[in-house]
Amino acid sequence: DVKVTQSSRYLVKRTGEKVFLECVQDMDHENMFWYRQDPGLGLRLIYFSYDVKMKEKGDIPEGYSVSREKKERFSLILESASTNQTSMYLCASSSGRGNEQFFGPGTRLTVL
Amino acid sequence: GIQVEQSPPDLILQEGANSTLRCNFSDSVNNLQWFHQNPWGQLINLFYIPSGTKQNGRLSATTVATERYSLLYISSSQTTDSGVYFCAVGHTDKLIFGTGTRLQVFP
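Residues numbered from 1 in each chain as written. Chains lettered and ligands numbered in written order. Predicted model: local features only at pLDDT ≥ 70, side-chain atom pairs only at ≥ 80, totals over all residues. Heavy atoms only, no water.

Novice: Teacher, can you tell me more about the interface of chain A and chain B here?
Specialist: For an interface, size is often stated in terms of accessible area lost upon the parts coming together. Contacts between the two partners involve 22 residues from chain A, matched on the other side by 17 residues from chain B. Area buried by chain A at its contact with chain B is led by G98, E100 and F103 of chain A, which between them contribute 30% of it. At the boundary of chain A and chain B, one finds one salt bridge. Only β4 (31-38), β5 (42-49), β9 (87-94) and β10 (102-103) of chain A provide two or more residues apiece to the side of chain A that touches chain B. Considering each element in turn, the side of chain A that touches chain B owes the most residues, four residues, to β4 of chain A. (Contact = heavy atoms within 4.5 Å. Buried area = accessible area lost by both parts, 1.4 Å probe. Salt bridge = Lys/Arg side-chain N within 4 Å of Asp/Glu carboxyl O. Helix = DSSP H or I, 4+ residues; strand = E, 2+ residues; numbered from the N terminus.)

Quick look at the structure:
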C-alpha cells in the first residue's frame, strides 16, 4: 500500500514564525503535491514537484515556498506565517502525470 | 479552468438506504478520482476512474467521459459511510476538486 506521512497532525505557531511542513512517501513516486483545504473554498493546489529539485507553482503559491532535496520528501515552507495561513494542509503523491494521487493524513496548522 | 460540480451538496439517509452522488465537469480530463474524507480530515481513495465502471464492495462508480460526468453509488449505507465525498478531476497534473457532498447516515 502507498503510504504518505506528514510530520505533524496539529501545529500551533505564532505570526512571523518560519514554519516547515514535511511530507514523506514510500512508493518511489515521481510527483508530489501540497494542497490546503479551507471551509467554503475547498482544496486548492499550492505547489507541486515532478522530480528532485523541481518545483511548479499551483493556484495559490503566494506566501509559500517548497523544497525537494530527496525524491521521497517534499517540504512546504511558510517563510513568515500569517493568520490567513491557518488551514488544513494536505500532501499527496503520484507515480506520474495523470495518475492516481494518494494523500497523507493532513496537518491542521493554526497561526496565532 | 475546469469547473467541477457535485450534487447534492448534502444528503441524509437512514442506514440501509442506497444513494447516488453526481460529479459534472466542464472539460476533457485525464484523471478522475473519488475520495471519502473521514472525520479526522484524511482523504481516503475510493476510485480512480477516468472512464468506465468499477466496483468495490458496496460502492461502485461510473464515469462517462464523453458526457463529462461521473456517478458514485453507495448501496446499503452504514453509519461509517458518513463524511464528505469529493470528486476530483485532473487535467495534465493538477487535481481540481469539487465542493463535496456531505453524507450523514443515521441508524
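Novice: Please clarify how the state of the cysteines should be interpreted in this entry.
Specialist: Note on terminology: a disulfide is the covalent bond linking the sulfur atoms of two cysteines. Applying the stated criterion to the full structure yields two disulfides over all chains. There is a disulfide in this structure between C23 of chain A and C91 of chain A, and the S-S distance comes to 1.8 Å. Between C23 of chain A and C91 of chain A, the S-S torsion sits near -75 degrees, and that sign places the bridge as left-handed. In this pair, C23 of chain A sits in strand β3 (residues 19-25) while C91 of chain A sits in strand β9, placing the two residues 68 residues apart along the sequence. With a relative accessible area of 0%, C23 of chain A lands in the buried category. Given the relative accessible area of 0%, C91 of chain A is considered buried. The residue that forms a disulfide with C23 of chain B is C87 of chain B, at a sulfur-sulfur distance of 2.0 Å. Its S-S torsion of approximately -55 degrees makes the covalent link between C23 of chain B and C87 of chain B left-handed. Of the two residues, C23 of chain B is situated in strand β3 (residues 19-25) and C87 of chain B in strand β9 (residues 83-91); the sequence distance between them amounts to 64 residues. The exposure class assigned to C23 of chain B is buried, which follows from its relative accessible area of 0%. Judged by relative accessible area, C87 of chain B falls into the buried class, the value being 0%. (Disulfide = S-S within 2.5 Å. Buried < 20%, exposed > 50% of the residue type's maximum accessible area, 1.4 Å probe, protein only.)

Structural measurements only, silent on function.
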